[in-house]
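This is what each chain is made of:
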Number of protein chains: 2
Amino acid sequence: MAATVTKRRARTRQRLLDAALHVFADEGFGRSTVEQVCDRAGFTRGAFYSNFSSLDELFLALWEERSARMLDDVRDALAGIDPDDPEAAVRAAIDATPVDDAWYRITAEFTAHALRTPGLRRVVAAREEAIRDAILPVFVTALGRLGRQVTDERALGDALVAVHDGTAVQVLLQPEDEGARTRRQALFMNVLSAYSTPREIS
Amino acid sequence: MAATVTKRRARTRQRLLDAALHVFADEGFGRSTVEQVCDRAGFTRGAFYSNFSSLDELFLALWEERSARMLDDVRDALAGIDPDDPEAAVRAAIDATPVDDAWYRITAEFTAHALRTPGLRRVVAAREEAIRDAILPVFVTALGRLGRQVTDERALGDALVAVHDGTAVQVLLQPEDEGARTRRQALFMNVLSAYSTPREIS
DNA sequence: CCGGTCGGATACAGGAACGTATTCGATACA
DNA sequence: TGTATCGAATACGTTCCTGTATCCGACCGG
């Protein structure tokens, strides 16, 4: 049964990925070594090279897996939102994309890495679009329930993502300053209202 | 004359910093080595260790120097703005902080690095505040000339920085898409109007 | 119960980068 | 011009990491 064999492979592969997440977060991707990842995962380098051909490959695999999972989480969180309470819905949607320190570090480095690797740039861009498209409809319908019409969906989507990314850094840089989070919330609200208009009753 | 001696030191120090900028941009800070920097600068490792004690130290020095210079450039650009044409002033102010590929990569990595190094976190946060404080008055006065009053300056400052950072990534990720730049501009405008109100004539 | 295959462990050699201790040349000053 | 000093070059030993080639055990099908 080939599936069982694959199952074993998949498990060590997964453990390597999980270990890498922490190593990259702690040391930075650039400063991480194959050995560190293996030590943390409880494997030898032999196992590593039997699963990946290089750290770069693992890095890509890790980023794709985690960002896809995060996208799913966001989708789930958004799906569970009560659209009859639009105010709360918006608030919940904003909270759905948490500001995670370790993950931010990894994506920041990966984005930088992608910007100097043409092939990867498109991968990142595509995932960013996917996130935008997943988030957008929730806000559009929530705003709709509030009697507001989104004027330019694409623009709103980009704006939300940009605001999320930009404010995340600020929040992380000043963990003691609770005001940063508040201003973040406010900025989201302002953008939402700036990109929508009260719908005239037909 | 001690100054002459210092002058020599300063020159090689500067050449090392310049070389490091390119190496870091090309390879990423994490993947860069002392040797690469020295090769590019035309020095040996001996010269390096006579000027810096580690790559980390150079990285910090480089970032401080360049970000301070960038801050000065922004100040200069803003100083040359004609406040009698507020619309153009705002536009010019937005353009004053250019979206530079190589520099973005370096700051992204440095920020990530700073987030895992407590001492550096404050340094980055402080510089970010300085940038905010330098930019803010220009927008406030420009809005003033347009008859608008800024409601919460701190919030506006943070929002502008966040929008700048967040949209910069998008612009860099999609260099072919001219729309990204346009939406960036629009988002700035929207934020400016969201954080200010028409001033009633007293 | 037995051979075959798959996957992780082991072992090896090579190379890359580090940091230091020392040398050598150039520059400043008397 | 001679000399002291400063700064970059050289040379060294060491550590760490890489990647591959091989081995061994476990699980599979028959």
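None of these values were measured; they are calculated from a predicted model.

## Here's the deal with the overall build of chain A
Secondary structure assignment for chain A yields nine helices and two strands. If you line up chain A on its principal axes, its C-alpha atoms span 70 × 45 × 30 Å. The contacts of chain A with a sequence gap of at least 6 include a subset with a gap of at least 24, amounting to 68%. A total of about 9800 Å² of accessible surface is found on chain A, and carbon and sulfur atoms cover 51% of it.

## A few points about the domain arrangement of chain A
All names here are of chain A. Here chain A is partitioned into domain 1 (1–52) and domain 2 (55–198). Computed from C-alpha coordinates alone, the two centres of domain 1 and domain 2 are separated by 29 Å. Listed by partner, the interface residues are 20 residues for domain 1 and 15 residues for domain 2. In this assembly, domain 1 packs against domain 2 so that about 1400 Å² is buried in total across both faces, 72% of it on carbon and sulfur atoms. Of all residues in domain 1, Leu21, Phe24 and Phe29 give up the largest surface area on contact with domain 2, accounting jointly for 42% of the area buried on that side. Between the two partners, domain 1 and domain 2, sit zero salt bridges. Counting across the domain 1 and domain 2 interface gives four residue pairs in polar contact (both at pLDDT 80 or more). If you list the elements that add at least two residues to the side of domain 1 that touches domain 2, you get helix H1 (2–27), helix H2 (34–41) and helix H3 (45–51). The element that contributes the greatest number of residues to the side of domain 1 that touches domain 2 is H1, accounting for ten residues. Class assignment of the residues belonging to the side of domain 1 that touches domain 2 gives a composition of eleven nonpolar, six polar and three charged.

## With respect to helix H7 (residues 118–145) of chain B
Look at H7 of chain B: 42 Å from first C-alpha to last across 28 residues, which is about the 40 Å you get at 1.5 Å a residue. The largest bend in H7 of chain B amounts to roughly 25° and is located at Leu136 of chain B, with the proline Pro137 of chain B lying one to four residues further along.

## Overview of the nonpolar core
Leu156 and Val191 of chain A together with Leu156 and Val191 of chain B are the most contacted members of the largest nonpolar core, which has 57 residues in total. The biggest single contributor to this core is helix H7 (residues 118–145) of chain A, with nine residues. In terms of nonpolar packing, the next biggest core, distinct from the first, is built from 39 residues, Ala20, Val23, Ile106 and Ala112 of chain B among them.

## Thoughts on the interface of chain A and chain B
Taken residue by residue, the interface counts 49 residues in chain A and 49 residues in chain B. The contact between chain A and chain B buries some 3800 Å² in all, and 57% of this surface belongs to carbon and sulfur atoms. The closest approach of N and O atoms between Glu109 of chain A and Arg116 of chain B, which form a salt bridge, is 3.7 Å. There are 16 residue pairs in polar contact (both at pLDDT 80 or more) connecting chain A and chain B. Going through the elements one at a time, H1, helix H4 (55–79), helix H6 (101–115), H7, helix H8 (153–173) and helix H9 (178–194) of chain A are the ones with two or more residues in the side of chain A that touches chain B. Tallied by class, residues from the side of chain A that touches chain B come to 23 nonpolar, nine polar and 17 charged.

## Section: the packing of aromatic side chains
For any pair of aromatic rings, geometry is given as the distance between the ring centres together with the angle between the planes. Per the counting criterion, the structure on display carries 14 aromatic pairs over all chains. Taking the centre distance of 5.7 Å and the plane angle of 40° together, the rings of Phe48 of chain B and Phe52 of chain B count as tilted. Neither Phe48 of chain B nor Phe52 of chain B differs from the other in exposure class; each is buried. Where Phe59 of chain B meets Phe110 of chain B, the ring centres are 4.9 Å apart and the plane angle is 75°; that geometry is what we call edge-to-face. Separated by 51 residues along the polypeptide, Phe59 of chain B in helix H4 (residues 55–79) and Phe110 of chain B in helix H6 (residues 101–115) bring together distant segments of the chain. The two residues Phe59 of chain B and Phe110 of chain B agree in class, both being buried. Ring pairs connect the aromatic residues Phe24, Phe29, Phe59, Trp63 and Phe110 of chain A, which therefore count as one cluster. Lying over the aromatic face of Phe29 of chain B, Arg31 of chain A brings its terminal NZ or CZ to 4.7 Å of the ring centre.

## Examining the relation of the copies chain A and chain B
Superposition record for chain A on chain B: RMSD 0.1 Å, screw rotation 180°, translation along axis 0.0 Å. Taken together, these values place the two copies in the relation of a two-fold axis. Comparing interface residues between copies, 100% of those in chain A also sit at the interface in chain B, which points to an isologous, same-surface contact.

## What about the pattern of salt bridges?
Per the stated rule, a full pass over the model turns up 28 salt bridges over all chains. Its salt-bridge partner being Asp177 of chain A, residue Arg183 of chain A comes within 3.3 Å of it at the nearest N-O pair. A relative accessible area of 17% means that Arg183 of chain A is categorised as buried. Residue classification places Asp177 of chain A among the partly exposed residues on the basis of a relative accessible area of 25%. One salt-bridge network, held together by shared partners, links Arg132, Asp133, Arg154 and Asp158 of chain A together with Asp177 and Arg183 of chain B.

So, how was this worked out
- Residues numbered from 1 in each chain as written.
- Chains lettered and ligands numbered in written order.
- Predicted model: local features only at pLDDT ≥ 70, side-chain atom pairs only at ≥ 80, totals over all residues.
- Heavy atoms only, no water.
- Helix = DSSP H or I, 4+ residues; strand = E, 2+ residues; numbered from the N terminus.
- Contact = heavy atoms within 4.5 Å.
- Areas by Shrake-Rupley, 256 points an atom, 1.4 Å probe, with all protein chains shown as cover.
- Domains from an automatic or database assignment.
- Buried area = accessible area lost by both parts, 1.4 Å probe.
- Salt bridge = Lys/Arg side-chain N within 4 Å of Asp/Glu carboxyl O.
- Polar contact = N/O pair within 3.5 Å; in protein donor to acceptor, adjacent residues only side chain to side chain.
- Nonpolar A, V, L, I, M, F, W, Y, C, P; charged D, E, K, R; others polar.
- Expected span 1.5 Å × (residues − 1).
- Bend = angle between axes of the 7 residues up to and from the residue.
- Core = buried A, V, L, I, M, F, W, Y, C linked by side-chain atoms within 4.5 Å.
- Buried < 20%, exposed > 50% of the residue type's maximum accessible area, 1.4 Å probe, protein only.
- Phe/Tyr/Trp six-rings, centres within 6.5 Å; stacked < 30°, edge-to-face > 60°.
- Lys NZ or Arg CZ within 6 Å of the ring centre and 35° of its normal.
- Least-squares fit on C-alpha atoms with pLDDT ≥ 70 in both.

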